[in-house]
Amino acid sequence: NDEEDDEDEDEDENGGGGESDEDEADEMPTHRSRNFHPKYEDPSLPVVKLSKMPLKVKRDFAVKNEKETIEVETIKKLVTSYFNVVRKQMMDYVPKTVMAFLVRDVVDEIQNELVSKLYSDDCVEEMTTEDPETAELRTHLQATRKAFLDALKILNDVKAII
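Residues numbered from 1 in each chain as written. Predicted model: local features only at pLDDT ≥ 70, side-chain atom pairs only at ≥ 80, totals over all residues. Heavy atoms only, no water.

Along the chain, the regular secondary structure elements total 6 helices and 0 strands. When the helices and strands of the chain are placed in sequence order, the string is α-α-α-α-α-α. Within the chain, buried positions represent 1% of all 162 residues. For the chain, the accessible area works out to roughly 15600 Å², and carbon and sulfur atoms hold 58% of it. (Helix = DSSP H or I, 4+ residues; strand = E, 2+ residues; numbered from the N terminus. Buried < 20%, exposed > 50% of the residue type's maximum accessible area, 1.4 Å probe, protein only. Areas by Shrake-Rupley, 256 points an atom, 1.4 Å probe, with all protein chains shown as cover.)

Here is the structure:
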């Protein structure tokens with residue numbers, strides 16, 4: 001049993017059975033990043049824990065020339081700029097979307113109210129009654145149309161004679 005314990009200790013020292021990257025991620029501090037603007041930071045949201053960067057990647061970053069440094073900085077600036085644009089668009093879309101849903105709900109409610117009033121028994125008789133001025137105008141236009149049709153018939157008869 002002592003030999004097995006010694007082997008386990010050797011594996012721990014050599015990285016064979018030690019803590020995994022996930023265990024190390026749990027040990028990371030839970031404070032918020034200093035890159036967040038306090039106005040947009042929501043303390044009620046959970047803190048995102050990122051795993052530690054592997055050592056091999058860290059060594060590769062340490063050995064880079066000036067051109068790679070400039071490229072990395074340029075890419076960082078472009079990504080930051082992109083996320084700023086996306087954040088601004090989202091800030092614009094959220095109120096517009098909320099207003100669209102509110103307007104749609106109001107339209108539905110108003111339509112339901114108007115249709116219910118339209119089909120109520122009280123209004124049907126009133127809405128289907130013709131206005132006296134419109135009735136008088138309709139009668140006058142019908143008489144005028146009849147006079148024009150009679151005149152057209154007389155003109156066609158005169159044309160046929162000539």
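That was the structure; now back to the text.
In this section: a negative patch on the surface. Taken together, the side chains of Asp105, Asp108, Glu109 and Glu113 present a region of like negative charge at the surface. You can see aspartate 108 is positioned in helix H4 (residues 66-118). Judged by its relative accessible area of 37%, aspartate 108 falls in the partly exposed class. (Patch = residues over 30% accessible without salt bridge, like charges linked within 9 Å, V, L, I, M, F, W, Y side chains within 5 Å. Salt bridge = Lys/Arg side-chain N within 4 Å of Asp/Glu carboxyl O. Lys, Arg positive; Asp, Glu negative; His and termini not counted. Charge placed at Lys NZ, Arg CZ, Asp CG, Glu CD.)

Between side chains of opposite charge, a pair can form as their charged atoms come close. Applying the stated criterion across every chain, the model contains 4 salt bridges. The partner of lysine 76 in a salt bridge is glutamate 73, and the shortest N-O contact between them spans 3.8 Å. With lysine 76 and glutamate 73 both in helix H4 and 3 residues apart, the pair spans about one turn of that helix.

Moving on, we come to a nonpolar patch on the surface. The grouping of Met90, Tyr93, Val94, Val98, Met99, Leu102, Val103 and Val107 at the surface amounts to a nonpolar patch, some 740 Å² of accessible area in total. Take valine 94: it is sitting in helix H4. Here valine 94 falls in the partly exposed class, since its relative accessible area comes to 48%.

Inspection of the entire model under this criterion finds 1 aromatic pair. With a centroid separation of 5.5 Å and an interplanar angle of 70°, the aromatic rings of tyrosine 82 and phenylalanine 83 are classed as edge-to-face. (Phe/Tyr/Trp six-rings, centres within 6.5 Å; stacked < 30°, edge-to-face > 60°.)

So, about the confidence of the model for the chain. Residues of the chain with pLDDT of at least 70 account for 65%, and the chain-wide mean is 76. Mean pLDDT values for the elements of the chain range from 45 in helix H2 (residues 21-26) up to 94 in helix H6 (residues 132-161). Across residues 1-34 the pLDDT falls below 50, and counting only partners more than four positions away or on other chains, this stretch makes 24 contacts in the model. (pLDDT = per-residue confidence, 0-100. Contact = heavy atoms within 4.5 Å.)

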